[in-house]
Amino acid sequence: MAPEREQRNRLGDLIVTDPRMMRALAHPARLAIMDILRREGPSSATELAPRVGISPSAASWHLRHLAGFGLVRDGAPHPDGRARRWESAVRGFRFDLPGDPADAERHTAARALAREMMAHGQAQLAQWLTDVEPGLDGEWEQGVGVANTRVVVDTAELAAIQDGIEELLAPYVNRDPGERPAGSRSVRLLRYALPEARDIDAEPDSAGGGEGA
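Model, not experiment: these values are computed from the prediction.

What counts, and at which threshold
Sequence order as written defines residue numbering, which begins from 1 separately in each chain. Reporting in this predicted model follows two pLDDT cut-offs: at least 70 for local features of residues, and 80 or more for side-chain atom pairs to be given and counted; totals over whole chains, interfaces and linings ignore these cut-offs and use all residues. The basis for every side-chain value is the complete set of non-hydrogen atoms in the structure, without hydrogens or water. Confidence scores per residue from the predictor, reported as pLDDT, run from 0 to 100. In this analysis, two residues are considered to be in contact whenever any of their non-hydrogen atoms come within 4.5 Å of each other. Helical segments are the DSSP runs of H or I of at least four residues, strand segments are the runs of E of at least two, and each set is numbered from the N terminus. In this scheme, a helix's expected span is set at 1.5 Å multiplied by one less than its residue total. We call a residue buried when its accessible area falls under 20% of the maximum for its residue type, exposed when it is over 50%, and partly exposed in between, using a 1.4 Å probe and counting protein chains only. Note on definitions: angles span 0 to 180 degrees between N-to-C directions of axes, and those axes are lines fitted to C-alpha atoms, for helices only across the stretch in contact. Oblique is the label for any angle not covered by the other classes, which are roughly parallel (under 35 degrees), roughly antiparallel (over 145) and roughly perpendicular (65 to 115). Less than a right angle of anticlockwise turn of the near helix away from the far helix marks a crossing as left-handed, whereas a clockwise turn marks it as right-handed. Residues are grouped as follows: nonpolar covers Ala, Val, Leu, Ile, Met, Phe, Trp, Tyr, Cys and Pro; charged covers Asp, Glu, Lys and Arg; every other residue, Gly included, is treated as polar. Note on patches: the residues involved have over 30% relative accessible area and no salt bridge, like charges join within 9 Å, and the nonpolar side chains Val, Leu, Ile, Met, Phe, Trp and Tyr join within 5 Å. Under the convention used here, a 1.4 Å probe and the Shrake-Rupley method define accessible areas, while residue burial counts only the protein chains that appear. The salt bridge criterion pairs a side-chain nitrogen of Lys or Arg with a carboxyl oxygen of Asp or Glu, the two atoms within 4 Å.

1. Observations regarding the confidence of the model for the chain
Residues at a pLDDT of 70 or more form 92% of the chain, whose mean pLDDT is 88. Overall, residues 206–213 carries pLDDT values under 50, and its contacts beyond four positions in sequence, including any with other chains, amount to eight contacts.

This is the structure we're talking about:
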């Protein structure tokens, strides 16, 4: 059930094009499972269940479903040798809405996954604000970044911006653990590119002026 031709971007993220895989990922429990495995390494269904808010049997079912698409695989054995442990088979993943409106199946699946990922991102942010942010201090507290920037671009320029962000991130994402400076921490970068509903030329003149956030 894995994709015929696996493609990855410069960050090592799997590029998801199969609508079946999109539908498999478009589930809050599966996104949460993938997030935990990618960040923390191998875990069993029993260990994952309470963190995701489901039963161990449900966690096991979701893991097997993800494994059917090659997204997770068997991980290092548990110390007691009894529990099956799983690990993420991908560093991350990305997808795009199809350019062809006639590709209804893929378009519907991509929209469903986009909605779930945005909801998951909001849940991650809320958890971070509760569990992590109060304990940050010094330079890490100052390093928190929140921005809402408006730019006026065409589709080619938007693609170039997103490609430039990946190019900037790639050396940090792909470097070996031994190359990380002392005191490094995992940092989430939640990115959204949200085009407005109409071209700027169609907006009233009063919408002109500054191009800031």
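We are not done yet, so read on.
2. Some words on helix α2 (residues 28–40)
In this model α2 runs 18 Å from its N-terminal to its C-terminal C-alpha over 13 residues, within 8% of the 18 Å that 1.5 Å per residue would give. Taken together, the buried positions of α2 are occupied by Ala29, Arg30, Leu31, Ala32, Ile33, Met34, Asp35, Ile36 and Leu37. Among the residues trailing α2, Gly41 stands out with phi positive, at a value near 90°.

3. Focus: the packing of α2 against helix α5 (residues 104–131)
Their axes nearest at 10 Å, the elements α2 and α5 cross at an angle of 60°. Between α2 and α5, the angle falls in the class oblique. Every pair of crossing elements has a handedness; the one defined by α2 and α5 is right-handed. Counted together, Pro28, Leu31, Ala32 and Asp35 of α2 and Leu113, Glu116, Met117, His120 and Gln124 of α5 form the full contact between these two elements. Considering only residue class, the contact of α2 with α5 consists of five nonpolar, two polar and two charged.

4. Focus: the environment of Pro42
By the secondary structure assignment, Pro42 is in the loop between α2 and β2 (43–44). Between the alpha carbons of Pro42 and Pro77 there is a distance of 8.6 Å; along the sequence they are 35 residues apart. Sequence-distant contacts of Pro42, defined by excluding residues within four places in its chain, comprise Leu37, Gly75, Ala76, Arg85, Trp86 and Glu87.

5. Considerations on a nonpolar patch on the surface
On the surface, a cluster of nonpolar side chains totalling about 560 Å² of accessible area is made up of Met118, Leu125, Leu129, Leu190, Tyr192 and Leu194. The class of Leu190 is partly exposed, set by a relative accessible area of 44%.

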